[in-house]
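# Commentary on secondary and tertiary structure
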Amino acid sequence: GSQAEYGRVDGVLRADTPTNPENGYGMAKLCAGQMSRTEAAALGMDHVWARILSVYGPHDGPNTMISATIQKLLAGQCPDLTAGEQKWDYLYSADAADALYRMACHGRSGAVYPVGSGTARPLREYIETLRDAIDLALPLGLGKIPYGPQQVMFLQADITQLAADTGFAPRTAFADGIRATIAWAKTQKQTN
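### Looking at the nonpolar core
Ranked by size, the top nonpolar core spans 37 residues in total, and within it Ile 66, Ile 70, Tyr 90, Leu 162 and Ile 178 carry the most contacts. Broken down by secondary-structure element, the contributors of at least two residues to this core are helix 2 (65-74), strand 4 (90-92), helix 3 (93-106), strand 5 (112-115), helix 4 (123-134) and helix 6 (174-191). Not counting residues within four places of it along the chain, the set of residues in contact with Leu 162 comprises Ala 99, Met 103, Tyr 113, Pro 114, Val 115, Gly 167 and Phe 168.

What follows is the structure in structure tokens.
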């Protein structure tokens, strides 16, 4: 599943936060969760649904904000970015994998778990940490791109129930995860 199932929400995302997807992607994810829950019940299977927020790390797609910014900065270019005032919840990919594994092993059947770090920070802070891990002197084009009409300005998971049911806790600080992601990106640059 995806945070897109919720649509734009000003508060922390919980299992019981009303869903109001605003695009086909979010609608499809919500529908997939509902249909798979119905099918699992018909087959007598447990069903656990993850609503994943923002995950980053090695092997991420090239068009995500994190990956695209890394590539621009490694090339010595100034990335065009929004002002970075959005507060988002980023989770390192290895931690996301751990959350999904724990959900599979210990998740409560019928549960919906928002998956994130549980902490939201201004996007600008993530971008500056990323840049600083590459080169403090590189410029950032913060504010060069206006916010879109459907810009998500706040994105944070409440992982309280996920932690209680599965023992999940994020282990990777953003600064550590972004260094590993940059190191991986550098190897890709050399092999391409």
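Still to come is the rest of the account.
### Thoughts on the environment of Asp 95
Locating Asp 95 in the fold gives a position in helix 3. For the pair formed by Asp 95 and Ala 169, sequence separation is 74 residues and the distance between their alpha carbons is 8.1 Å. Residues contacting Asp 95, with those up to four places away along its chain left out, are Phe 168, Pro 170, Arg 171 and Thr 172.

### Focus: helix 3
Taking 1.5 Å of rise per residue, 14 residues should cover 20 Å, and helix 3 covers 20 Å from first to last C-alpha, within 8% of that figure. Buried within helix 3 are the following residues: Asp 95, Ala 96, Asp 98, Ala 99, Arg 102 and Met 103. The buried residues of helix 3 occupy an angular sector of 160 degrees when the element is viewed end-on, so they sit on one face. Residues of helix 3 that are exposed and point over 90 degrees away from its buried face: Tyr 101 and Ala 104. At its buried positions, helix 3 is contacted by strand 1 (49-52), strand 2 (54-56), strand 4, strand 5 and helix 5 (160-166).

### Quick word on unusual backbone geometry
Its identity as a non-glycine residue notwithstanding, His 59 has a phi of 75 degrees, on the positive side. The topology assignment puts His 59 in the loop between strand 2 and helix 2. Taking relative accessible area as the criterion, His 59 reaches 65% and is therefore assigned exposed.

### Section: helix 2
Taken as a whole, helix 2 has its buried residues at Ile 66, Ser 67, Thr 69, Ile 70, Leu 73 and Leu 74. End-on, the buried residues of helix 2 take up no more than an arc of 165 degrees, which puts them together on one face. Looking at the residues trailing helix 2, positive phi occurs at Gly 76, about 75 degrees.

### Notes on the pairing of strand 5
Every regular strand shows the same layout, with side chains that alternate between the two sheet faces. By the alternation rule, side chains of strand 5 split into Val 112 and Pro 114 and Tyr 113 and Val 115, which are all buried. Note: strand 1 against strand 5, four bridges, orientation parallel. Bridge pairing in strand 5 links Arg 51 to Pro 114.

### As for the side chain of Asp 98
Relative to the helices and strands, Asp 98 resides in helix 3. Ignoring any residue separated from it by four or fewer positions in sequence, one finds Asp 98 in contact with Phe 168 and Arg 171.

### Quick look at the packing of aromatic side chains
For the structure shown, the criterion picks out seven aromatic pairs. Look at Tyr 56 and Phe 174: their rings are 4.9 Å apart centre to centre, the planes differ by 55 degrees, and that puts the pair in the tilted class. Of the two residues, Tyr 56 is situated in strand 2 and Phe 174 in helix 6; the sequence distance between them amounts to 118 residues. The two residues Tyr 56 and Phe 174 agree in class, both being buried. These aromatic residues form a ring-pair network of at least three members: Tyr 56, Trp 88, Tyr 90, Tyr 92, Tyr 126 and Phe 174. Looking at Arg 51, its charged tip hangs above the ring of Tyr 6, at a distance of 4.9 Å from the centre.

Thresholds applied
Residues numbered from 1 in each chain as written. Predicted model: local features only at pLDDT ≥ 70, side-chain atom pairs only at ≥ 80, totals over all residues. Heavy atoms only, no water. Core = buried A, V, L, I, M, F, W, Y, C linked by side-chain atoms within 4.5 Å. Buried < 20%, exposed > 50% of the residue type's maximum accessible area, 1.4 Å probe, protein only. Helix = DSSP H or I, 4+ residues; strand = E, 2+ residues; numbered from the N terminus. Contact = heavy atoms within 4.5 Å. Expected span 1.5 Å × (residues − 1). Arc of directions from axis to C-beta. Pairing = 2+ DSSP bridges. Phe/Tyr/Trp six-rings, centres within 6.5 Å; stacked < 30°, edge-to-face > 60°. Lys NZ or Arg CZ within 6 Å of the ring centre and 35° of its normal.

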